[in-house]
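These are the residues of each chain, in order.
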Amino acid sequence: MTDTDGQERVRTLVFWAIGALLTVVGLGLFFVIRDNSARLGALEDAGKAFLKALASGEGNDACSRMTRIAQSELAAGQGEDSCPQAVEALIAPLSDAERNRLAVSYRSRFWGRGDSFGHVGVRDNPLDITELLLSEIDGKWRVAEMK
């Protein structure tokens, strides 16, 4: 065996090692991107569902999509004893057109830098909500705060 054969064997091994490494890295990136995309999709769905539930005035449905703290804050902010009553009070003055505008006011979804919340941007609406902060609890996204 000559030095050329040994060099050829080393080149082949290096080539295969680089190929295997690139395959592993590529698969890892694929799974990370796929999981991130799925989480963003779930975040978007949760934000849209909340806005529709809120706009409908169905307090139980809207409140079931919120964290307990957010439910308490909404009730206190509206001067009501419960979250469903607060939703009804919040929505009662809106016309049908305003409710429809609120229901479809979803604009975008994104992750905040360095925080554990998902963010849902909201277009112009009669309640002046600009953003929803959602927290993942037991695998479900729940509204933690309305800005």
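Our structure is the block above this text.
Residues numbered from 1 in each chain as written. Predicted model: local features only at pLDDT ≥ 70, side-chain atom pairs only at ≥ 80, totals over all residues. Heavy atoms only, no water.

Asks: A description of helix α3 (residues 68–78) should follow, citing residues and the corresponding values.
Replies: Among all positions of α3, only Ala-70, Leu-74 and Ala-75 are buried. Each buried residue of α3 lies within a common arc of 135 degrees when the element is viewed along its axis, so the set occupies one face. Exposed and oriented more than 90 degrees from the buried face of α3 are Arg-68, Ile-69 and Ala-76. If you follow the buried residues of α3, they end up packed against α4 (83–91) and β4 (140–146). Looking one or two residues beyond α3, the residue adopting positive phi is Gly-79, at roughly 70 degrees. (Buried < 20%, exposed > 50% of the residue type's maximum accessible area, 1.4 Å probe, protein only. Helix = DSSP H or I, 4+ residues; strand = E, 2+ residues; numbered from the N terminus. Arc of directions from axis to C-beta. Contact = heavy atoms within 4.5 Å.)

Asks: So what's going on with the side chain of Ser-105? Residues and values would help.
Replies: Locating Ser-105 in the fold gives a position in the loop between α5 (96–103) and β1 (106–111). The class for Ser-105 is buried, based on a relative accessible area of 1%. Non-local contacts of Ser-105, meaning those with residues more than four positions away in its chain, are made with Leu-51, Gly-121, Val-122, Arg-123, Asp-124 and Asn-125.

Asks: Explain unusual backbone geometry residue by residue, including any values.
Replies: Within the chain, Asp-128 stands out as a residue other than glycine whose phi angle is a positive 60 degrees. By secondary structure assignment, the location of Asp-128 is in the loop between β2 (118–122) and β3 (131–137).

Asks: Tell me what's going on with the nonpolar core, and back it up with residues and numbers.
Replies: Counting 31 residues, the largest nonpolar core has Leu-54, Val-87, Leu-102, Leu-127, Leu-132 and Leu-134 as its most contacted members. Mapped by element, the contributors of at least two residues to this core are α1 (3–56), α2 (59–64), α3, α4, α5, β2, β3 and β4. Among the elements that take part in this core, α1 stands out by supplying eight residues, more than any other. Residues in contact with Leu-54, not counting those within four places in the same chain, are Ala-62, Val-87, Leu-90, Ile-91, Leu-102, Leu-127, Ile-129 and Met-146. (Core = buried A, V, L, I, M, F, W, Y, C linked by side-chain atoms within 4.5 Å.)

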